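Spelled out from the first residue to the last, the chains are:
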There are 2 protein chains.
Amino acid sequence: MTWADYLDTHQSRFIEELCSFIRIPSVSAKPENANDVRVAGQWVIDRLTAAGIENAKMYETAGHPVVCADWLHAGPDVPTILIYGHFDVQPAEPFELWTSPPFEPTIRGDRIYGRGATDDKGAMLVPILAAEALLAETGRLPVNVRFFFEGQEEIGSPDLPPFIEKNLDRLQADMVFSADGSQWDTETPQIVLGLKGLTSLEIKVTGARSDLHSGMHGGGVANPGQALAHLLASMKAPDGRITIAGFYDDIVELTKEDRDAIARVPWDEAAYLAETGAPATHGEPGYSTRENLSARPTFEINGLSSGWQGEGTKTVLPSVASAKITCRLVANQNPERIFDLIAAHVDAHCPPSVTAEVSKNPGRADPFLMPAGHNATAIAGQVLEEVYGKEPYKTRVGGSIPVMSTLLDQLGLHGVMFAFGHADENQHAPDEFFRLPTFRLGQTAYARLMERLGGVSS
Amino acid sequence: MTWADYLDTHQSRFIEELCSFIRIPSVSAKPENANDVRVAGQWVIDRLTAAGIENAKMYETAGHPVVCADWLHAGPDVPTILIYGHFDVQPAEPFELWTSPPFEPTIRGDRIYGRGATDDKGAMLVPILAAEALLAETGRLPVNVRFFFEGQEEIGSPDLPPFIEKNLDRLQADMVFSADGSQWDTETPQIVLGLKGLTSLEIKVTGARSDLHSGMHGGGVANPGQALAHLLASMKAPDGRITIAGFYDDIVELTKEDRDAIARVPWDEAAYLAETGAPATHGEPGYSTRENLSARPTFEINGLSSGWQGEGTKTVLPSVASAKITCRLVANQNPERIFDLIAAHVDAHCPPSVTAEVSKNPGRADPFLMPAGHNATAIAGQVLEEVYGKEPYKTRVGGSIPVMSTLLDQLGLHGVMFAFGHADENQHAPDEFFRLPTFRLGQTAYARLMERLGGVSS
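Residues numbered from 1 in each chain as written. Chains lettered and ligands numbered in written order. Predicted model: local features only at pLDDT ≥ 70, side-chain atom pairs only at ≥ 80, totals over all residues.

A. Here's a closer look at the overall build of chain A. Check the secondary structure of chain A and you find 14 helices and 20 strands. In chain A, which comprises 458 residues, the proportion classed as buried is 58%. Across chain A, the fraction of contacts at a sequence separation of at least 24, relative to all contacts at a separation of at least 6, is 80%. (Helix = DSSP H or I, 4+ residues; strand = E, 2+ residues; numbered from the N terminus. Buried ≥ 20, exposed ≤ 12 C-beta atoms within 10 Å, placed from the backbone. Contact = placed C-beta atoms within 7 Å.)

B. The interface of chain B and chain A, seen in detail. Counting residues at the interface gives 88 residues for chain B and 88 residues for chain A. Broken down by element, the residue count for the side of chain B that touches chain A peaks at 9 residues, all from strand 12 (residues 298-307) of chain B. Taken together, the residues of the side of chain B that touches chain A break down into 32 nonpolar, 44 polar and 12 charged. Two elements, strand 12 (residues 298-307) of chain A and strand 12 of chain B, share 5 bridges in a ladder whose sense is antiparallel. Note on strand 12 of chain B: the bridge partner recorded for A:Gly303 is B:Gly307. (Nonpolar A, V, L, I, M, F, W, Y, C, P; charged D, E, K, R; others polar. Pairing = 2+ DSSP bridges.)

C. Inspection of the nonpolar core at higher detail. Residues A:Val126, A:Ile203, A:Leu231 and B:Leu231 are the most contacted members of the largest nonpolar core, which totals 251 residues. B:Leu231 has contacts with B:Ile203, B:Val205, B:Val346, B:His349, B:Cys350 and B:Ala356, leaving out every residue within four places of it along the chain. (Core = buried A, V, L, I, M, F, W, Y, C linked by C-beta atoms within 7 Å.)

D. Quick look at the relation of the copies chain B and chain A. Of the two same-sequence chains, chain B is brought onto chain A (RMSD 0.1 Å, axial shift 0.1 Å) by a rotation of 180 degrees. As the rotation angle and translation indicate, the two copies are arranged about a two-fold axis. The rotation axis passes nearest to the C-alpha of B:Ala229 in chain B, at a distance of 2.2 Å. (Least-squares fit on C-alpha atoms with pLDDT ≥ 70 in both.)

E. The arrangement of the domain arrangement of chain A in detail. Residues and elements named next belong to chain A. As far as domains go, chain A holds domain 1 (3-195 + 367-453) and domain 2 (197-251 + 297-365). Look at where the C-alpha atoms of domain 1 and domain 2 centre, and you get two points 35 Å apart. In this assembly, 10 residues from domain 1 lie in contact with 12 residues from domain 2. Considered class by class, the residues forming the side of domain 1 that touches domain 2 number 6 nonpolar, 4 polar and no charged. (Domains from an automatic or database assignment.)

F. Seen up close, the environment of B:Val205. Residue and element names in this part refer to chain B. By the secondary structure assignment, Val205 is in strand 10 (residues 197-206). When the 29 C-beta atoms within 10 Å are taken as the criterion, Val205 is described as buried. Between the C-alpha atoms of Val205 and Ala323, which are 118 residues apart in sequence, the distance is 8.8 Å. Setting aside chain neighbours within four positions, we find Val205 in contact with Pro224, Ala227, Leu228, Leu231, Val320, Ala321, Val354 and Ala356.

As structure tokens, then:
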């Protein structure tokens, strides 16, 4: 039997295994799920071991753990590759918007629904299954492979940089491939040339010491929700331009060539609006929506909170109002400098009737831009072209994978996105799903990638 | 024994009874406490009956019930008075900010702490105890008395207007006194000449159909929290002026005499800031803080809600952001017209990239301004002067008692605030308390009020 036959034969078992994996509610953002993240890590260790990968072990960090494993018997003449993914997931709230419960995976048509189905449980399982098939049918892998899976990607991988720094020997490789990411669509692969960076923060505005009666104190003390609204309005204009002094200063402006490359990627605004349900697109003026999505920085309110949020009326003048914010950054914006600019803006614009505090939230990533002519990128592109029968689009994407910038810093390697999700699979939203045909296709792609890197023709 | 001796003798029992009353979590805003509101109503019925008041019964409305009772044997030559109060309370969240649990009343020093201690359980018990003492010691009351207690004041009494309209015979009186309200401070009584009106609403802004990944869609679709911030910022200027077109149009401007009367009431800005913990006062420019608090309208955000509010970072681009808002109104602003102006403002300022919906929340009240030379006001003022040994301040207050405007409409009577809370007793906030000395003082005041209205000299 060939590895391809093996994959076909075992596909229904693989789908059942993915279901078990999704059932573990490994939500890294919620302290009450910390043990579930660990359970998911142990699931990954067991799955790697069952596939024939060696040295699968859990490693502690200050937060959620890491899982590393390897198979290093391909010899010194072939490269060593590091494959990255994550076994934690986003919170699934609001539960009531899910068609089927987020942690009870359900197959409808050729899709599997559940939190983490695509981001990243389904996608990170793909290379493990490819390795299992190769080991089962050929007794070896064509290249040396290290696996590096983490449990805190969805909170911005705060404890990964020190872990990587202390475990460089365990991660040493010639190339890095990320099994977290996506292809352009089911017909067309993509090679990602850029990822946005990230800074995450919270603005907390405080008026009175405690919540007050809005009738007795309205007109006497400031409303922190109102002050927060003024602060947020002062940071981004209604037209979408970010109005924080210095915010755009360090950006490497898009060249004519960059903009042409982005314009070559197909874009259907009507389809985008139908997909998102938004009444109109909205982004920085002077750039196309595609440019804003992929190559311009953003300032997004992820959450607002103040006072009474239950049913009906509570005539309270709240003590506190807060906003959670993440900015996506592009080369060469620096997450710390952007945080400082925001803190300075809030400081300069906070009225005397309230106090405002700006604090960092977990999660930072440097923006990531692939060098021209990068070898692993070229090979990954060839494999994708073979498998899809179509040349990949060269794209930049709006997401951030913080660990990629740390691996670049520490190993000097630009990671290549080689992952088989799609952007429309409700990542971070209700009804997240993964396409089962691409689950299978990705397995082939990873097997061929390993073969090609090891010099095996297939 | 005189009624005063009776009150002294039974005070410790009264305090225990108040504790039992507070233990009932009659939170009218929370559907899960609906039965507790009913239990509190039954408690009031039993307590009225124990005091010797007759016909104490529960009456249904479309929402929480009403309790009415009477004692009508004083004869046709003395007036009939209606005494109003409410047995529902505000939600007690956030529980963790209470020194002792909100529904486990605790006496510290000469204060009783608990949700509803002052607003309005302690204060509404006062006239019942005065009546009990008079009935116990004299066998009768000097005036005919009706009691009218409701269970939905804290959600704006939405079902009271139809109830009052259908039960006018049960409420018919010559004068109305409210046992919900407060005195100026422990030394100084007040006669309230004005109450603010109220309109309550919610603004809901929707961008995309569901929550999206902020990295994949930031820069593509609008953030509803950002759009809400712009809307809120457009409705009230940073200087405190409300900038909704037409908002101030119908106001009866304060005369020089009105402003002089307000200025005569003592005001200590440093003490106010120390009490509230606010770093500075904040209100409509051109008016003193005292004027803003008592005689100018307000626009207050009672709650903000959007996206992720848990710990840490969730990189979500929320689908929805909403604000709960109440405006306090002054004569002659109309709650429906103000709602319409706000809805029109939102409609005119909502950007095309989101949709915005403005809906009414329960709670409306017309502003209330006492006519000069009102008889019940004059007599209440004399009793307060006797009991406190000090002439009452003539004030306007920022709170709203919606039922007062309905009683004015339906019975043609301006209710007189005759209540013994104080504005610093953490109404609607953690650590609400009631002063036990004023609990006792109020009982004397109500007994004397009834005597004076009945022509008994004491």
